[in-house]
Structure formats: structure tokens, C-alpha cells
Amino acid sequence: MPYRRVFQALLCSVALFLLVEVMLQIRSQLRHGQSVFSAVAAQKMYQADLDTGLVLLRPNSTFSGSEIVIRSNSLGLRSPEIDVARTPGSLRIAVIGASTVMGAYAASNEESFPALMEARLRVLYPNRLVEVVNAGMVGYSLADQRRMLTHRVTVLHPDLVIVYPGSNDFAGYCREKEVRTEPPRQGLPTLSLPNWLLSTEILLKNTSGLREVPVPSGDVVDAAKLDISTYVAELEQLIESSHKRGMKIVLATNARAYRRDQEPKLQQQLSRTARFYNHCFSLEGLHVLYERHNLAIRETGALLGVPVVDLHNQIPGGTRFFVDSHHFTKQGESVAADALVTFLTQHDLLGTFLAKTAP
Amino acid sequence: MSFQSLHFFLFFLLVLVLNQALRNRFNARKSMLLVGSYYFYMCWDWRFASLVVLVTVVNYVAGARIAAARTPQEKRWWLVGALTTCLGVLAYFKYLDFFVSSVVGVLAKMGITPDVDVLSLALPIGISFFTFQSLSYVLDVYRGVEAPCRDPRDFALFVAFFPTVLAGPITRARQFLPQLATDQKLEASQAEIGLALMLRGFIKKIAFADVLAMHLVSPAFAEPSQFSPLFLLLAAYGYSFQIYMDFSGYTDIARGMAKALGFELVENFNRPYLAHSVSNFWQRWHISMSSFFRDYLFFGLGGSKYGNVYFNLMLTFVAIGLWHDAGWNFIAYGATHGLVVCFERWRRNRRAMLGQSPLPDRGWPWFWRVALTFHIVALSRVMFRAEDLGKAADYYADMLNFAQSNTPLSIMALLTLASSVILHYLPQRWAGRVLERFRLLPVWAQGAILSMSVYGLMALVVGKPSFVYFGF
């Protein structure tokens, strides 16, 4: 059989890939309680809600890994069970956002910053029932967050909604660029590597330095000239949706691990995941991108009379507060909770509700 | 279907398995390869598969009619018909917009502004390759050096064969059709060498061509005014090695695929930057294309025997430039090479007339000639790489702007450029030995090398993978 050795070599190669992948999936299962095995066993962490189309956590479940335990409530949120009917005199706040709000690296529900806020507010207002709903979900863009507000949060009648937008919208700029620059071909459908492959994800995340461009080229999107009007429009719609439903809203700027005042090498290291997910931007481009979007958050807030918490300036960068480019460490979650609670109390944003519902 | 994709891997594996399963049924093997080739092409763009069919039918029928023609006139009409159809298709998709915009530009300078829009047509991938490949057949039949193909399936496979349909090598009918006429036995050693060739091609493309593009060439050509003359010069050198690694990498993959399937394709490169003259460069660079233009255009115009040889040379080189793409920069690129080749021929003739010996092929004089040829090629390629002639002129001007000192060379760029140079100048037999060593390794070691290489290459891939010559 002429091809025997060729097939054997290819088979060995594929077997090696599979071996590495299986080992990484086992590691992920042990650490995070999630892997491709969970999907095979129909125990996926996330599922689409049939009514709203929103991707939420599988309701009333516990996802246990050695490092992180995620418990979901009946609404598919990483939050304690919430009674839709409000208890008289209670204070209810909802925090909307993406993985940073959900607490991608928070070891337990209680360590996410919305839960820490709840604990701090309960200390401040011991005579009240304070509930802070964690309505953050991995991968959510601003459009998803608006849908979360209208479909999930509104029915909970919160007194206040805090929005920490996150950076998932930024990846859209790279996708748009790819679509724009792709030749207008109409090929038959093709297969690509499944997105659950951990070997490729880990490889790419840990080798981003190899693909780092020393100077911007034609392949890199110029963040300074980027049209961000869609983002601003989304933000305005989100605010209008909350106003229409009579909910007071507070915006927060996005904090990040890498800062301009750090050593360039440290910036490179801390921005690794940001560059992985937003591969069409250089490090400088990411700085500009964040600054422009944070400015847009501040300006939109000012324009529509919405208070803005400047978390970017209140949470310092670096490895003490960030696990990667955007997600908080335990200390980061704590600082975020402190900053938000301080802002709410100092700006008397809770006073109205507390007075209104005083026993 | 990108070569660097899971889909291609699975497709090729399936073709390999079927090729093996049908090893004793050559006709069924050819049918399978034909279906596979059309599927491969349609994964890029299914709309243009009809063009491949059109070109195949026209040239097959023309070849048969030319062979059966009773008078030279009849033969000529069939040839003209095939040439008009194939070149017409090429002109429509590739050159019409350029022609229209050039005419509109000229008229605008004369104060006339016609209300004409360019069509902005999508360029069918591989059009320059499969049209020329099939035309070579008709031209050879017309000249009587090739017998007409009697099996339409063989001819269809010759035109659409998936390893060559996108970017060559432009395989002549007399090189490929005989392989389809007799049962090609599959040999284990050929399959293994084919696999190793493919691996070498991927390494050339991803670890060298793409890295040079990303770290050196793309930044320099995007904003040349931002960089020092040294950086721009290194980027021009870098582009020469990028395009060599890119295209010879593609050719290795194509030849490796064909070899693994039991077929042989022509060599397309012979260490081109060892050329001691520009004429010699074109005997080493994209050999299948340059020999096509030599045989069918230069000789067709009269070569060095009839007419003015310098005119024939200039026309051939302008056509070579224009073959790559429609643009004044490509015409200028071809014309520059044509002028240098004309000068080289004039000098050679003059030396012969004066009774002087030919220029030596060794020692320092040879070295300087190689270095000079490389510089002519590398610097003229600025026109090839730039978006248009104006941008090329800007690049040249910036190469003389000594006030700019920004030279942001990364270690990665320097290492890759140095390795590319070293690899290019290494004796070819060394590459052969490495391939042979790979073949002799135990299968588990081959598998491990494949896996490690794929992981390594994945770490280097940036953006959507494509080859430079897919754009032609």
C-alpha cells in the first residue's frame, strides 16, 4: 500500500493534536468546571433563552471547577435568586455588562463586584433589604446589554441600573475591517476549526508577541480615525430604553490593565489578551480606542444627564488588579465595588430611593 | 478554501484516501480528481467555475478542429477563435476597468469628462493561470508539436487540476497530458516527498513570507515617508525575499500535492537571486510563466531571427508586466526589465562583435554581477508592490530622504530576512538531503514534526491567509 507510511504519519500527527487537546480540556474541566465534555453531555454552561434570544447561564445550576464556582439563578444570571415582586422598602440595583461584570475570574458569586457592592451597601444600610443583581454575561456587546435591560432587568423593577459596557464591541471593528477588505467571493461553504479548541486558543494567546507589529502598517486599523458613531448610538439607545422604563441609570468607564505610564514591556504583557481579541489594533491603537470610547461614555452621559463613574481612573492598572487585560483580580473586584458604592453614596444617587421607601 | 485551513486538510486527506483506494482504476481516479478539482475551485468562487468550463470546452474543441483542419486557413481561424475567447475573457475580467479608467483619465486631461463608470468586477481566482495553461495546448497543437487530446476528461483535468488551477505552475499540455494518458503508479517515496514538499511550502509561506510582510514590508509600503532610507532599502530587499518565499512556497505545496497524488509538475524556481543578469533572472524566476512568454510571444514575434529583436523583447517584457495585473506600475515594471534585458543583449552582441570573451561566471566579477542583478530586481519590485506608479515614485523619493532616520527594525524582521537570504543561497542539494532525511524518519517522528510545525506555523499566522499570486 503506497500511502501506508504517509497515512501513518498523518495519523500520528492528528493523534498528537487530539492528545494535547484532550489534556487541555481535562485541565479546563478540573479548573473551571467547563470543557467540551460538558457540551457533549448537554451540560453546557451557556444556552440561548428561547423567548428573548439572549445567551444566558443554564438556570439553577452550579458549574464547579477547582478555581471558579459559578452558580446561576432561575433567570440564568450569576446572582442569588431574586423575587420579581419587590419587598417594600428594599433597594434594588442591577449591574449590566459583560464578562467583567459577571466576574469571569471571580472564584465564587460572592467575589464578583456586584455581590461585593451588595455586601457593602448592606453594611451601610443595615435596616434595608439591599439587592444588587449581577446582570453581566460573557461576550455581551452594548446591543446585548440593551436587550438584557429590556427583557430581563426591566421585570425586576430595579431602582437603579449601572452599566459597565466592557470591550466586546471593539472586536466588531476588526470583523468589519475583514469583511471590507475581503474580495467579493462567493465560495461553497467551508469548514473551519471549531471555536472550542483550547489548544489553538491557548497557543494563540501565549504567542501574541510573535505577531506583534513593531510599527503600524496598512493591515492595522487606525483607532484615531475609526468611526465610533454606532457605539455612541447604541449607548444612547440603552440610556433611552432605561429612561423610557422609568429606571435611573449610571454609566461606568472601562478600566484596563495596561496604561500608558507603564514600561512598554509591561504594557505589551498586560495587553496580550486585548490584542488577541482585537488583533487589528496595535498597542497604541488599543490605548486610543479605549480613550475614545471612555470619552464617548463620559460625553454621552453628560449629554443625556446620566451620571458617569470613572472606573478607569479609579482602578489602577497592573497585575494587582487585573488577571489579564480587562478582567479583575479579587482585589480588582473589591476596588471596583468600593469605587461604585462610594460614587453612589457621595453623589446621593441612592438617597431618593431610600427616602421614598423609608419605613 | 484557504490552503492553511482545516477544510483544505480534510479535503486533501479525502482526495488522498480516494486516490489510494482507486489506485488500480486509473479512469475512476481521474474522474475523482476532476470532481475534486471543481469542488476545490468552487470553494473559492462557484460562479467562476463556468469560466473554467468555457475555457476548457473552447480549447478542447479548437485543438480537435485544428488537428482535423484541412487547410492552414481553417487551422488559423480555429486558433484565432480560441485566442479571442480566452484572451477576451481575461481582458474583460482583468483589464477592462484599467482600460476604461485610463481612457477616461486621458480624456479628462483633454477637458472631456465622459459619463462612464468602471465595472469593478471581481477577478476570478487563477484566471491568468488556467487561461494560459489551456492556451499553451491550442498553440502547441497549432504548431504541430502536440497531438490533440482525445479524452475530454483528461483535458478538463489538465485545465482544472486543483494543485495548479489557482496559481500554477503553468503546466504545458505536453508535460501533463502524457501523465494522464498512461496509468501513473503510486509510489510510497513520491508520496512522502510530496508531503515533505508541502510542509516546506507552508514553512516558507508562513514562517518567512508572512513574517517579512508583517514586520518589514507592509509598514514600509504603507507609509514610506515615516521611515529612513535604510529601512526602505531593507524593506525592498525584504519584499524580494517575501515574494520568493510566498510564491515558491505555493509552488512547493502545489508540486507536493501533485507528487503525493502521483503526478509531476514543473519546477518554477531555480534560486533566482543567484542570477548574474536580468535575462538569467527570468530563466530562474517563475519559469513556467517566463518560458510561456518566451515560447509563444517572443518567438511568435520573430524572436532574435525576424524583425527587431529589441522591439520583440520590449513587447514581451511589457506583456509579462501586464500579465501580473492591470496597472501602469506593472507596465513600468515590465518595461524596466525589458530595457535592461535589451541592454544586456546589446552588450553581449557587441562583445562578440569585438571578439571579446563572454563575461566570466566565477570570482568577484561574477559576484558583482549577481549583486547588481539582485539590486535591479529588488528596486524595480517597488513598482510591483506599490499600489500605483505614483506611490512607487513616492517610495523611491523617500529612499533618498536622508533627513528621516526612523529605522524600527524588529529582531524578528532581521532574523527572518537573514534566514531567508541564507536559505536561498544554500546549495539546493542540501534541501534535497533534508527532504530525503525526512522521508527516512520513522512515521511517529514524521507525525511529531508535522504537529510541531503546524503548531509553530499557527502561532505565526496573522489575518486571513492568502498567497500574493492568487491576486493575479
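Attention here is on the structure that accompanies the text. (Residues numbered from 1 in each chain as written. Chains lettered and ligands numbered in written order. Predicted model: local features only at pLDDT ≥ 70, side-chain atom pairs only at ≥ 80, totals over all residues. Heavy atoms only, no water.)

**Overview of the overall build of chain A**
Moving on, step 1. On a plain count of helices and strands, chain A comes out with 14 helices and nine strands.
Moving on, step 2. What you see for chain A is a C-alpha radius of gyration of 22 Å, in line with the 21 Å of a compact globule of 359 residues.
Moving on, step 3. By element, 57% of the accessible surface of chain A is carried by carbon and sulfur atoms, the whole surface being about 16400 Å². (Helix = DSSP H or I, 4+ residues; strand = E, 2+ residues; numbered from the N terminus. Rg over C-alpha atoms; globule rule 2.2 N^0.38 Å. Areas by Shrake-Rupley, 256 points an atom, 1.4 Å probe, with all protein chains shown as cover.)

**Focus on the overall build of chain B**
Moving on, step 1. Looking only at helices and strands, chain B has 19 helices and zero strands in total.
Moving on, step 2. For 472 residues, the compact-globule estimate of 2.2 N^0.38 gives 23 Å, and chain B sits close to it at 23 Å.
Moving on, step 3. Projecting the C-alpha coordinates of chain B onto the three principal axes gives extents of approximately 70 × 60 × 60 Å.
Moving on, step 4. Across the 472 residues in chain B, those meeting the buried criterion constitute 54%.
Moving on, step 5. In the structure as shown, chain B presents an accessible area of about 20400 Å², 65% of it carried by carbon and sulfur atoms.
Moving on, step 6. With 41 positive and 27 negative side-chain charges, chain B shows a separation of 9 Å between the mean positions of the two kinds. (Buried < 20%, exposed > 50% of the residue type's maximum accessible area, 1.4 Å probe, protein only. Lys, Arg positive; Asp, Glu negative; His and termini not counted. Charge placed at Lys NZ, Arg CZ, Asp CG, Glu CD.)

**A closer look at the state of the cysteines**
Moving on, step 1. Going through the model one piece at a time under the given rule, you end up with one disulfide over all chains.
Moving on, step 2. Paired through a disulfide, C174 of chain A and C280 of chain A show a sulfur-sulfur distance of 2.1 Å. Looking down the S-S bond of the C174 of chain A and C280 of chain A bridge, the torsion is -85°, so its handedness is left-handed. On the criterion of sequence distance, the pair formed by C174 of chain A in helix 6 (residues 168-181) and C280 of chain A in the loop between helix 10 (272-277) and helix 11 (283-303) is long-range, its members being 106 residues apart.
Moving on, step 3. For C280 of chain A, a relative accessible area of 4% translates into the label buried.
Moving on, step 4. A disulfide-free cysteine, C86 of chain B has its sulfur positioned 15 Å from the sulfur of C149 of chain B, the nearest such atom. (Disulfide = S-S within 2.5 Å.)

**Remarks on unusual backbone geometry**
Phi is mostly negative for residues that are not glycine, and the peptide bonds are mostly trans.
All names here are of chain B.
Moving on, step 1. Unlike most non-glycine residues, R271 shows phi in positive territory, near 40°.
Moving on, step 2. Mapped onto the fold, R271 is located in the loop between helix 10 (229-260) and helix 11 (278-281).
Moving on, step 3. For R271, a relative accessible area of 17% gives the class buried.
Moving on, step 4. Although it is not a glycine, H286 adopts a positive phi angle of roughly 40°.
Moving on, step 5. Topologically, H286 is positioned in the loop between helix 11 and helix 12 (287-301).

**Description of the pattern of salt bridges**
Residues and elements named next belong to chain A.
Moving on, step 1. Summed over the entire model, instances satisfying the criterion amount to 32 salt bridges over all chains.
Moving on, step 2. Here R31 ties to E67 by a salt bridge, and the two come within 3.4 Å at their closest N and O atoms. With R31 in helix 1 (residues 4-32) and E67 in the loop between strand 3 (62-64) and strand 4 (69-71), this pair connects stretches of sequence that are 36 residues apart.
Moving on, step 3. We classify R31 as partly exposed; its relative accessible area is 30%.
Moving on, step 4. On the basis of relative accessible area, E67 is assigned to the partly exposed category, the value being 42%.
Moving on, step 5. Between E284 and R260 there is a salt bridge, with the nearest N and O atoms lying 2.9 Å from each other. One end of the pair, E284, is in helix 11; the other, R260, is in the loop between strand 8 (248-252) and helix 9 (264-270), and 24 residues separate them in sequence. (Salt bridge = Lys/Arg side-chain N within 4 Å of Asp/Glu carboxyl O.)

**With respect to the pairing of strand 8 of chain A**
All names here are of chain A.
Moving on, step 1. For strand 8, the tally of buried residues reaches four of five residues, placing the bulk of the element in the interior.
Moving on, step 2. Across four bridges, strand 7 (residues 160-164) lies against strand 8 in parallel orientation. The residue of strand 8 that forms the bridge with V161 is I249.
Moving on, step 3. Here strand 8 runs beside strand 9 (residues 308-309); their pairing, made up of two bridges, is parallel. When the bridges of strand 9 are listed, L251 appears paired with V308. (Pairing = 2+ DSSP bridges.)

**Some points on the interface of chain B and chain A**
Moving on, step 1. With 56 residues of chain B at the interface, the matching set in chain A holds 42 residues.
Moving on, step 2. Between chain B and chain A the total buried area reaches about 4200 Å² when both faces are included, carbon and sulfur atoms providing 71% of it.
Moving on, step 3. Taken together, chain B and chain A are joined by one salt bridge.
Moving on, step 4. A salt bridge links R5 of chain A to E192 of chain B; the shortest N-O distance between them is 3.2 Å.
Moving on, step 5. For the pair chain B and chain A, the number of links is five residue pairs in polar contact (both at pLDDT 80 or more).
Moving on, step 6. Of the residues forming the side of chain B that touches chain A, the biggest block, 12 residues, is contributed by helix 19 (residues 443-460) of chain B.
Moving on, step 7. For the side of chain B that touches chain A, the residue count by class is 39 nonpolar, 10 polar and seven charged. (Contact = heavy atoms within 4.5 Å. Buried area = accessible area lost by both parts, 1.4 Å probe. Polar contact = N/O pair within 3.5 Å; in protein donor to acceptor, adjacent residues only side chain to side chain. Nonpolar A, V, L, I, M, F, W, Y, C, P; charged D, E, K, R; others polar.)

**Quick look at the packing of helix 1 of chain A against helix 1 (residues 6-21) of chain B**
Two quantities define a packed helix pair, namely the angle between the axes and the distance from one axis to the other.
Moving on, step 1. Packing of helix 1 of chain A against helix 1 of chain B leaves a shortest axis separation of 12 Å and a crossing angle of 150°. Taken together, helix 1 of chain A and helix 1 of chain B sit at an angle that is classed as roughly antiparallel. Helix-helix and strand crossings are classified by hand; for helix 1 of chain A and helix 1 of chain B the assignment is left-handed. On helix 1 of chain B, the residues that touch V6, F7, L10 and V14 of chain A of helix 1 of chain A are F9, L13, L16, V17 and Q20 of chain B.
Moving on, step 2. In terms of residue class, the contact of helix 1 of chain A with helix 1 of chain B is made up of eight nonpolar, one polar and no charged. (Axes fitted to C-alpha atoms, helices over the stretch in contact; angles between N-to-C directions. Parallel < 35°, antiparallel > 145°, perpendicular 65-115°, else oblique. Left-handed = near helix turned anticlockwise from the far one by under 90°.)

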